[in-house]
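# Residue-level structural notes
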Amino acid sequence: MLREILSITGKPGLFRIVSQGNRMLVVEELKTKKRFPAHSRDKVVSLGDIAMYTDSGDKPLGEILDLVYAHNGGKAIDVKQLVSDGRLREEFEAVIPDFDKDRVYDNDIKKLFTWYNILVEEGMTKFSEDKPEGEEKTEE
């Protein structure tokens, strides 16, 4: 599910791929549903391709978002309050205790919490993709 959700550098919010054209994507902003082209010169990143640094290796964004969702009971996070209170890192550490404190910056955490709020507002509650454990048996 996160593979079709995009972040575009220089544009606030998150976007969904609507279609592909010649050297461009047609994207839809999740909140406003406004559609526009994202050209090849724009830096576009799928949320499914993002990971965050932890002491035990990189952790995919989907797994982190699932942990944030479970920690907050599906409720939105007041990011502005956390930033003004200086509790941004403290809140993230409650969710991911082994995050790499040298390589994960406050802006990364703020962006993660903001994305989480947007996704939850849009009704998305499951972020990581289930990996098949093998061949599923089918009844004949």
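The present account deals with the structure reproduced in this document. Since the structure is predicted, the reported quantities are computational estimates derived from the model, not experimental observations.

### Topic: the environment of Leu25
The topology assignment puts Leu25 in strand 3 (residues 24-29). Judged by its relative accessible area of 16%, Leu25 is buried. C-alpha separation for the pair Leu25 and Val44, spaced 19 residues apart in sequence, amounts to 9.5 Å. In contact with Leu25, not counting residues within four places along its chain, are Leu6, Ser19, Gln20, Phe36, Pro37, Ala38 and Val44.

### Some details on the packing of aromatic side chains
For any pair of aromatic rings, geometry is given as the distance between the ring centres together with the angle between the planes. Applying the stated criterion to the full structure yields five aromatic pairs. Relative to Phe127, the ring of Tyr69 has its centre 6.2 Å away and its plane inclined at 70°; by these criteria the two rings are edge-to-face. Residue Tyr69 is found in helix 1 (residues 61-72), and its partner Phe127 is found in the segment after helix 4 (106-121); the two are separated by 58 residues along the sequence. Classification of Tyr69 as partly exposed rests on a relative accessible area of 24%. Of the residues examined, Phe127 reaches a relative accessible area of 1% and is grouped as buried.

### Focus: unusual backbone geometry
For Arg23, which is not glycine, the phi dihedral falls at a positive 60°. Structurally, the position occupied by Arg23 is in the loop between strand 2 (15-21) and strand 3. On the basis of relative accessible area, Arg23 is assigned to the exposed category, the value being 66%. Of note in the backbone geometry, Lys33 takes a positive phi value of approximately 65° without being a glycine.

### Quick notes on the sheet that holds strand 1 (residues 5-8)
In space, the five strands of this open sheet follow the order 4-3-2-1-5, with antiparallel pairing throughout. Strands with a single pairing partner mark the edges of an open sheet, and in this sheet they are strand 4 (35-39) and strand 5 (44-46). When the angles between neighbouring strand axes are averaged without regard to direction, this sheet yields 45°. Sheet topology places strand 3 next to strand 4; five bridges connect them, and they run antiparallel. Bridge pairing links Met24 to His39 in strand 4.

Reading guide: rules and limits
- Residues numbered from 1 in each chain as written.
- Predicted model: local features only at pLDDT ≥ 70, side-chain atom pairs only at ≥ 80, totals over all residues.
- Heavy atoms only, no water.
- Helix = DSSP H or I, 4+ residues; strand = E, 2+ residues; numbered from the N terminus.
- Buried < 20%, exposed > 50% of the residue type's maximum accessible area, 1.4 Å probe, protein only.
- Contact = heavy atoms within 4.5 Å.
- Phe/Tyr/Trp six-rings, centres within 6.5 Å; stacked < 30°, edge-to-face > 60°.
- Pairing = 2+ DSSP bridges.
- Axes fitted to C-alpha atoms, helices over the stretch in contact; angles between N-to-C directions.

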